[in-house]
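Spelled out, the chains give:
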Amino acid sequence: SDLQEEGKSAINSPMSPALVDVHPEDTQLEENEERTMIDPTSREDPKFKELVKVLQQWINDVLAEERIIVKQLEEDLYDGQVLQKLLEKLANCKLNVAEVTQSEIGQKQKLQTVLEAVHDLLRPHGWPLRWTVDSIHRKNLVAILHLLVSLAMHFRAPIRLPEHVTVQVVVVRKREGLLHSSHISEELTTTTEMMMGRFERDAFDTLFDHAPDKLNLVKKSLITFVNKHLNKLNLEVNDLETQFADGVYLVLLLGLLEDYFVPLHNFYLTPDSSDQKVHNVSFAFELMLDAGLKKPKARPEDVVNLDLKSTLRVLYHLFTKYKEVE
């Protein structure tokens, strides 16, 4: 009977309500010291899970050539090793830090150097720096997410972050020898527009806001430019916003401009889902990089979502290089 009870207990225990996950080291606090952890119910929120998943996939995509695979953000990023590689790749720079550091002091020194480089990039754009060396090193997931969201926005990562992600955070503080806990709400993302608004406005922002008449001239010039080449395939564009949204014309246009045939198995000629359209636009961006162009500031998802400003940015990017091509 004891064995049966133990078996029942083992089966049922995962079903019992989760308690706030307080690690032993989190309860061993100095006087007036505090620790924070995400409330378990917030960890189960679909939008929170989506945010973690998108950022994790983005890091793995960026670091694919380094053969680095991140499986858990707080466990893989706390020592500064992966953050160093990520920043070097994104900013195309080399940080002067030791490659491998195992001691806690060495890890924190490396983290300090990496975060100082991050701050130098982000501070001019007015990002609130809501993380510290200690919070990252203590595997504080909220601090790590704030850092990654800021980096993704700054480097215009080709990802779509879920909007309005808020988590409940449990704050544990030691006062007069006793632990006191409280809950606060922490906003991890707002709207994409508000987050992207922190960056320098470009000529297209100004055109949209202050010179709609000139904007029409730009659109006409770009339509003339793309049709000059697409007409060779008996294709014609009348509406920039919608006709480039599936990426097909963009891929074909690049083949014409660079004078090669794009194999049809590389992209979807008749895409019927958003994922296939994003694949096409992303593939076109890869062809641009192969042609020696810089990666467009727009994101594939924005072009697919009929964001005219993003589509114009991509086409103008091509126009500046290929306007003389017959």
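Our subject in this report is the structure included herewith.

The rules behind the values
Residue numbering note: each chain is counted from 1, following its sequence as written. Side-chain atom pairs in this predicted model are given and counted only at pLDDT of 80 or more, local residue features only at pLDDT of at least 70, and totals for whole chains, interfaces and linings cover all residues. Note: side-chain values were computed over all heavy atoms of the structure, leaving out hydrogens and water. Whether two strands pair comes down to DSSP finding at least two bridges between them. A run of DSSP states H or I qualifies as a helix once it reaches four residues; a run of E qualifies as a strand once it reaches two. Both are numbered from the N-terminal end. Note on method: axes are straight lines fitted to C-alpha atoms, helices fitted across the in-contact stretch only, with angles between N-to-C directions ranging 0 to 180 degrees. Two residues qualify as a contact provided that any one of their heavy atoms is within 4.5 Å of a heavy atom in the partner residue. Residues grouped as a nonpolar core are buried Ala, Val, Leu, Ile, Met, Phe, Trp, Tyr and Cys residues, joined through side-chain atoms within 4.5 Å. The buried label goes to any residue with under 20% of its type's maximum accessible area, the exposed label to any with over 50%, and the partly exposed label to all in between, with areas taken from a 1.4 Å probe on protein chains only. The labels follow the angle: roughly parallel below 35 degrees, roughly antiparallel above 145, roughly perpendicular from 65 to 115, and oblique for the rest. In this count, Pro and Cys sit with the nonpolar residues alongside Ala, Val, Leu, Ile, Met, Phe, Trp and Tyr, while Asp, Glu, Lys and Arg are called charged and the others, Gly among them, polar. Should a side-chain nitrogen of Lys or Arg be within 4 Å of a carboxyl oxygen of Asp or Glu, the pair is scored as a salt bridge. Pairs were defined over the aromatic rings of Phe, Tyr and Trp, the Trp ring being its six-membered one, requiring ring centres within 6.5 Å. Orientation was assigned from the angle between planes: stacked under 30 degrees, edge-to-face over 60, tilted for the rest. Only when the NZ atom of a Lys or the CZ atom of an Arg is both within 6 Å of the ring centre and within 35 degrees of the ring normal do we say a charge sits over the ring.

1. A word on the sheet that holds strand β2 (residues 166–175)
- The strand order β1-β2-β3 describes an open sheet built from three strands, whose pairing is antiparallel. Whereas interior strands pair on both sides, the edge strands pair on one side only; in this sheet they are β1 (34–38) and β3 (178–187). Each adjacent strand pair in this sheet contributes to an overall mean axis angle of 25°, direction not counted.
- Two strands pair when backbone bridges link them, and β2 and β3 are joined in this way by 10 bridges, in the antiparallel orientation. Across the sheet, residue R175 finds its bridge partner in β3, namely L178.

2. Observations concerning the side chain of E301
- With respect to the element layout, E301 can be found in helix α16 (residues 300–304).
- Setting aside its immediate chain neighbours within four residues, E301 contacts P158, I159, R160 and V278.

3. Let's talk about the nonpolar core
- Within the largest apolar cluster, 49 residues are counted, with the highest numbers of intra-cluster contacts made by F48, L55, W58, I59, L73, I136 and L148.
- Of all the elements in the fold, those that place two or more residues in this core are α4 (46–62), α5 (73–77), α6 (81–91), α7 (104–122), α8 (133–137), α9 (141–154) and β2.
- Among the elements that make up this core, the one with the highest residue count is α9 (11 residues).
- Listed in part, the 37 residues of the second largest apolar core include L215, V226, L254 and L318.

4. Observations concerning the pairing of β2
- Bridge count between β1 and β2: five bridges; the pairing is antiparallel. Along β2, the bridge assignment pairs I38 with V169.
- Between β2 and β3, which follow one another and run antiparallel, lie two residues, and E176 among them has a positive phi close to 50°.

5. A closer look at the packing of α6 against α9
- Viewed as axis vectors pointing N to C, α6 and α9 meet at an angle of 10°, and their least axial separation amounts to 12 Å. Between α6 and α9, the angle is such that the two are roughly parallel. Taken together, the residues of α9 that come into contact with α6 (itself represented by L83, L86 and L87) are L147, L148 and L151.
- Across the contact of α6 with α9, the residue classes break down as six nonpolar, no polar and no charged.

6. Details of the pattern of salt bridges
- Evaluation of the coordinates by the stated rule reveals eight salt bridges.
- For the salt bridge of R43 with E74, the shortest nitrogen-to-oxygen distance reads 3.6 Å. With R43 in helix α3 (residues 40–43) and E74 in helix α5, this residue pair connects regions lying 31 residues apart in the sequence.
- Salt-bridge contacts for R130 lead to E186; the nearest nitrogen and oxygen are separated by 3.0 Å. Pair noted here: R130 is in the loop between α7 and α8 and E186 is in strand β3, with a separation of 56 residues, a long-range link.
- Given a relative accessible area of 15%, E186 falls into the buried group.
- Within the structure, one salt-bridge network assembled from shared partners comprises E104, K108 and D134.

7. Observations regarding the packing of aromatic side chains
- Considering all chains together, one arrives at four aromatic pairs under this definition.
- Summarising the aromatic geometry, the rings of F244 and Y249 are spaced 6.2 Å apart at their centres and angled 85° between planes, so their arrangement reads as edge-to-face. Just as F244 is buried, Y249 falls in that class too.
- One aromatic cluster in this structure is built from F225, Y316 and F319.
- Looking at K139, its charged tip hangs above the ring of Y78, at a distance of 4.5 Å from the centre.

8. Describing helix α14 (residues 248–258)
- Along α14, nine of the 11 residues are buried, which leaves the element largely enclosed by surrounding structure.
- Those residues of α14 that fall on the buried side of the exposure criterion are V248, Y249, L250, V251, L252, L253, L254, G255 and L257.
- In this structure, the buried side of α14 is in contact with α12 (212–230), α13 (240–243), α15 (274–290) and α17 (308–322).

9. Concerning the environment of E31
- Within the element layout of this structure, E31 appears in the loop between α2 (24–27) and β1.
- Residue class for E31 comes out partly exposed when judged on its relative accessible area of 43%.
- Spatially, the C-alpha atoms of E31 and K174 are 5.4 Å apart, while their sequence positions differ by 143 residues.
- Setting aside anything within four residues of it in sequence, one finds E31 in contact with K174, R175, E176 and G177.

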